[in-house]
Every structure is written in structure tokens, then in C-alpha cells.
Amino acid sequence: QKEVEQDPGPLSVPEGAIVSLNCTYSNSAFQYFMWYRQYSRKGPELLMYTYSSGNKEDGRFTAQVDKSSKYISLFIRDSQPSDSATYLCAMTPPRSSNTGKLIFGQGTTLQVKP
Amino acid sequence: DGGITQSPKYLFRKEGQNVTLSCEQNLNHDAMYWYRQDPGQGLRLIYYSQIVNDFQKGDIAEGYSVSREKKESFPLTVTSAQKNPTAFYLCASSQRGRGFNEQFFGPGTRLTVL
């Protein structure tokens, strides 16, 4: 069983829809929770990161962490065709300040249709 | 502009050849990383380096080698011992220390074995 599970999709939605992307994890000691966006044939870029349980909002994006359920989500409101990309969740294992290691999910491919 | 550059963008290798992928950063980051990405999979860590002249194996180091002679550079060699090297390779860098340290990614190199 992988430490971080993410449905690879693909997920196709109409423009303007609310998108929900999710990851589950098995290690309750994970510390930071991140969402990266990766356009086709490009390197990933950090969208948001959170540390504690709860919600964090940035424009149309909301990151949610539920540590009791070991579940994180990324919500995209008013989705746009430019949001079409692969979204990767990532987490830092314990003592990662010594190594910088990240554990990534498989990534979910999102297509927003005009 | 500060950032991470990777070259070449596309690389073709014959069976039995060693090839070297370049990664350079001008962000003054101490830590650098190499990841491999396969279709439908997240990023898997090959090697990482927290300081010059020191590097550690990641989760899938077999068949790869690295060097870190300069802070700005972290080249990756894919050796003939790597049984399935066709993949998308991503280099990243970050600051070190406690707390959250964002990893910045380069544009990637796509390696194909002929």
C-alpha cells in the first residue's frame, strides 16, 4: 500500500464547475501538506501548503486538511480551462527538515471544458 | 531571473549508453533533488543533496549516479545499469532548515531509450 493515495482520474468538468481533488495518507506523522500543479510537459509548481487541520483559502483555491481522517482536499471554484493540468498532492514525512524529502501522490489529471 | 534550468529538454539514448542530465540553479539554494516521473505515477525521489560534496540515495537510486561539486549544479547520470530509464526527469531545489521549505522545480528532461 502506498503512503499517499490519489485517484489519477482523468477528471473532466465543464467551465465554472467546482472541482474537488483528494488524497488519503497512511502516516499520521506527516507534517506539511502541499498541492502542486503541473501543466503538460512542464515542472510542477506549488499552489498551496498547509500545516494544521482546517481550511486555507487563496483566491479560487481552498486547501483542506483533516488529520483525524488522514485526508486532504483541494477545491477549485469557478474552474477555468486554464486550470486544466495534473494536480499532485505531496507531504513531508517526519524529520524531513534533515532531508527535504517529499512523498507525492500519483497526481490527478483535470480537464476543464469550455 | 532566478530559477532552475535543465538540459537537454529531450534526450535519446541507445541501449548500453550512459547519459548525463544537467541541472543548474541560481536561487542560492543549498538543497537539490532529482525525481523521476512515469505516466500515472507521482514523483519518485532518485537522489538528493543537502550541501555541496554530499548526497544521499533516494527511493529509486539503482542505476543512477550524481555529483555535487558546486552549489549551483547537480548533474544526474543515467547508467546502462538502469533497466527502464525512459521517463520524465525533474530537478528541484530548496532552502534548508526547520519549517516549510518550498521545492522549486525545473522544466524537466524527457529521456527516451531507443
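None of these values were measured; they are calculated from a predicted model. (Residues numbered from 1 in each chain as written. Chains lettered and ligands numbered in written order. Predicted model: local features only at pLDDT ≥ 70, side-chain atom pairs only at ≥ 80, totals over all residues. Heavy atoms only, no water.)

Undergrad: What am I meant to see in the interface of chain A and chain B here?
TA: Taken together, the contacts link 20 residues of chain A with 24 residues of chain B. Overall, the association of chain A and chain B removes approximately 1,900 Å² of surface from exposure, summing both partners, and the carbon and sulfur fraction of that is 57%. At the junction of chain A with chain B, the criterion picks out one salt bridge. Between Lys101(A) and Asp59(B) there is a salt bridge; the shortest N-O distance is 3.5 Å. Scanning the region where chain A abuts chain B turns up five residue pairs in polar contact (both at pLDDT 80 or more). (Contact = heavy atoms within 4.5 Å. Buried area = accessible area lost by both parts, 1.4 Å probe. Salt bridge = Lys/Arg side-chain N within 4 Å of Asp/Glu carboxyl O. Polar contact = N/O pair within 3.5 Å; in protein donor to acceptor, adjacent residues only side chain to side chain.)

Undergrad: How should I be thinking about the nonpolar core in this particular structure?
TA: Residues Val4(A), Trp35(A), Ile72(A), Leu74(A), Tyr87(A) and Met91(A) are the most contacted members of the largest nonpolar core, which totals 24 residues. The residues touching Tyr87(A), leaving out its near neighbours within four places in the chain, are Gln6(A), Leu21(A), Tyr36(A), Arg37(A), Leu47(A), Leu74(A), Ile76(A), Gly107(A), Thr108(A) and Leu110(A). (Core = buried A, V, L, I, M, F, W, Y, C linked by side-chain atoms within 4.5 Å. Buried < 20%, exposed > 50% of the residue type's maximum accessible area, 1.4 Å probe, protein only.)

Undergrad: How should I be thinking about empty space enclosed by the protein in this particular structure?
TA: To find leftover empty space, one rolls a probe the size of a water molecule over the atoms. Scanning all chains against the criterion turns up one cavity of 30 Å³ or more. A volume near 40 Å³ is recorded for the largest cavity. Together, Arg41(A), Lys9(B), Tyr10(B), Phe88(B), Pro107(B), Gly108(B) and Arg110(B) line the largest cavity. Considering only residue class, the lining of the largest cavity consists of three nonpolar, one polar and three charged. (1 Å grid on protein atoms, 1.4 Å probe; cavity = no way out; pocket = protein on both sides within 12 Å on 5 of 7 lines; lining within 4 Å. Points joined across faces, edges and corners; volume = space filled by probe spheres on them. Nonpolar A, V, L, I, M, F, W, Y, C, P; charged D, E, K, R; others polar.)

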